[in-house]
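Per-entry structural report
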Amino acid sequence: MKWFFCLIAFFCFFPASAAVTMAEQMRSDGRIYVVIAVMLTILFGIVLYLYRMDRKLSRLEKLDQKN
Amino acid sequence: MSNAPRYMYRSWWKITGILLLIYTFTAGLLGSVPKLPLLQETIRNLYFHVCMWFGMMILFTVSVVQAILYLRKMDRKHDLASRHYAGTGILFGLLGYSTGSIWAAYTWADPNVPFAESFSTIARDPKLIGAAISLLVYFAYLVLRDSIADIDRRARISAVYNIFAYVILFPAIWILPRVLESLHPGQDGNPALDVKNDISPSMRMVFYPAVIGWTLLGVWISTIRIRIELLNEQKRTT
């Protein structure tokens with residue numbers, strides 16, 4: 001869990017540290033890459049959720065077969 | 001492994017769906033699109049809004065095929081599949097409807113007249129009404145299904161109703177909006193499927209993979225729900 005909060009903290013403070021260096025990829029092209037990052041994050045969240053549900057279900061099905 | 005169909009445990013199509021969606025999200029925003037007045041960058045909604053409706057059509061088609069299979073073989077598995085593919089289809093339809101309303105608010109609505117006035121003209125659009133009718137018909141499917149307690153009667157009646165709902169879908173979203181005047185694009189020919197003079201080649205390269213990717217995601221969600229239901233039934237009978 002700790003690494004997860006570290007990751008969130010990293011993303012929260014990321015813009016502040018990036019403000020010094022100019023013309024970064026994430027700040028070019030009308031910052032469209034930021035939108036892509038946000039959308040991919042949501043996609044990965046949903047996929048991770050489905051994957052975990054799939055795994056859990058497979059485990060339950062195996063358990064069911066043994067009994 | 002329980003008695004769910006084999007394909008539900010294969011991971012290659014799930015991975016394919018995820019990869020296609022990643023491609024959609026990146027190429028969909030970065031790829032070149034025709035510069036059109038009014039639409040501007042919102043043309044990229046083709047990869048998201050339109051894909052919801054394509055996905056819905058495919059899922060409803062799977063649902064009706066499973067309903068017919070149930071009526072032929074009387075196998076509970078087909079009944080459950082029919083129910084849950086329809087459920088995911090409804091989810092996609094609702095998402096298509098709400099994304100469409102956002103898109104219309106910024107392209108169809110006239111900024112010079114009060115919002116309520118332009119809303120009243122948009123809300124009368126035949127394509128929107130048709131989509132609303134077909135979704136309501138499918139809501140009724142869920143209500144009808146859950147109101148019957150006897151398992152076999154429920155399966156049979158809802159399978160028959162599913163066929164009727166699918167038949168109503170076609171005039172409601174494909175025929176009526178073409179007969180009447182509609183703001184919604186794609187009223188003649190084969191919208192988004194006409195290779196010669198519909199969408200531009202660069203957009204087609206993203207649109208077709210996007211449809212497949214979104215549909216596979218819908219299938220994945222459906223299979224999980226079917227497996228839960230099968231497991232649930234097994235627990236109850238043993």
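Definitions and limits used
Residues numbered from 1 in each chain as written. Chains lettered and ligands numbered in written order. Predicted model: local features only at pLDDT ≥ 70, side-chain atom pairs only at ≥ 80, totals over all residues. Heavy atoms only, no water. Helix = DSSP H or I, 4+ residues; strand = E, 2+ residues; numbered from the N terminus. Buried < 20%, exposed > 50% of the residue type's maximum accessible area, 1.4 Å probe, protein only. Contact = heavy atoms within 4.5 Å. Areas by Shrake-Rupley, 256 points an atom, 1.4 Å probe, with all protein chains shown as cover. Lys, Arg positive; Asp, Glu negative; His and termini not counted. Charge placed at Lys NZ, Arg CZ, Asp CG, Glu CD. Patch = residues over 30% accessible without salt bridge, like charges linked within 9 Å, V, L, I, M, F, W, Y side chains within 5 Å. Salt bridge = Lys/Arg side-chain N within 4 Å of Asp/Glu carboxyl O. pLDDT = per-residue confidence, 0-100. Buried area = accessible area lost by both parts, 1.4 Å probe. Nonpolar A, V, L, I, M, F, W, Y, C, P; charged D, E, K, R; others polar. Phe/Tyr/Trp six-rings, centres within 6.5 Å; stacked < 30°, edge-to-face > 60°. Expected span 1.5 Å × (residues − 1).

Side note on the overall build of chain B
When helices and strands are tallied, chain B shows 7 helices and 0 strands. Listing every helix and strand of chain B by position from the N terminus yields α-α-α-α-α-α-α. Across its three principal directions, the C-alpha atoms of chain B cover 65 × 40 × 30 Å. By the burial criterion, 47% of the 238 residues in chain B qualify as buried. Excluding contacts between residues fewer than 6 apart, the proportion of contacts in chain B whose partners are at least 24 apart in sequence is 76%. Approximately 12400 Å² of chain B is accessible, and the part contributed by carbon and sulfur atoms is 68%. Taken together, the 23 basic and 15 acidic charged side chains of chain B have centroids lying 11 Å from each other.

Overview of a positive patch on the surface
All names here are of chain A. Side chains of Arg52, Arg55, Lys56, Arg59, Lys62 and Lys66 sit close together on the surface and give a patch of like positive charge. Positionally, arginine 59 belongs in helix 2 (residues 32-66). Look at arginine 59 and you get exposed, because its relative accessible area is 53%.

What to know about the confidence of the model for chain B
Residue and element names in this part refer to chain B. Chain-level pLDDT for chain B is 87 on average; 94% of the residues reach the 70-or-more range. Averaged over each element, pLDDT in chain B is lowest for helix 4 (residues 115-123) (74) and highest for helix 2 (residues 49-73) (95). Scored by ipTM, the complex comes to 0.72, with pTM at 0.83.

Looking at the interface of chain A and chain B
Between chain A and chain B, the contact holds 20 residues from the first and 21 residues from the second. When chain A packs against chain B, close to 2000 Å² is buried across both sides, 74% of that on carbon and sulfur atoms. Our count for the chain A to chain B interface comes out at 3 salt bridges. Notably, a salt bridge pairs Glu61(A) with Arg227(B), separated by 3.2 Å at the nearest N-O pair. A per-class count over the side of chain A that touches chain B returns 14 nonpolar, 2 polar and 4 charged.

What about unusual backbone geometry?
Among all residues save glycine, negative phi is the norm, and among peptide bonds the norm is trans. One non-glycine residue with positive phi stands out, namely Met74(B), at about 55°. Positionally, Met74(B) belongs in the loop between helix 2 and helix 3 (76-107).

Points about the packing of aromatic side chains
Residues and elements named next belong to chain B. A complete count under the given rule lists 12 aromatic pairs over all chains for this structure. Taken together, a centroid distance of 5.4 Å and an interplanar angle of 70° make the contact between phenylalanine 25 and phenylalanine 48 edge-to-face. Taken together, the residues phenylalanine 25 in helix 1 (residues 12-30) and phenylalanine 48 in the loop between helix 1 and helix 2 connect sequence positions 23 residues apart. Like phenylalanine 48, phenylalanine 25 is buried. Each ring, one from tryptophan 53 and one from tyrosine 97, has its centre 6.5 Å from the other, and the planes form 70°; the classification is edge-to-face. Taken together, the positions of tryptophan 53 in helix 2 and tyrosine 97 in helix 3 put the pair 44 residues apart, joining distant regions of the chain. Under the relative-accessibility criterion, tryptophan 53 is labelled buried at 16%. The structure contains a cluster of three or more aromatic residues connected by ring pairs, namely Phe25, Tyr47, Phe48 and Trp214.

Quick notes on the environment of Gly45(A)
In this structure, Gly45(A) sits in helix 2. Classification of Gly45(A) by relative accessible area gives partly exposed; the value is 38%.

A word on helix 5 (residues 126-146) of chain B
With 21 residues, helix 5 of chain B extends 30 Å from end C-alpha to end C-alpha; this agrees with the ideal 30 Å at 1.5 Å per step. Buried residues along helix 5 of chain B sit against helix 2, helix 3 and helix 6 (151-179) of chain B.

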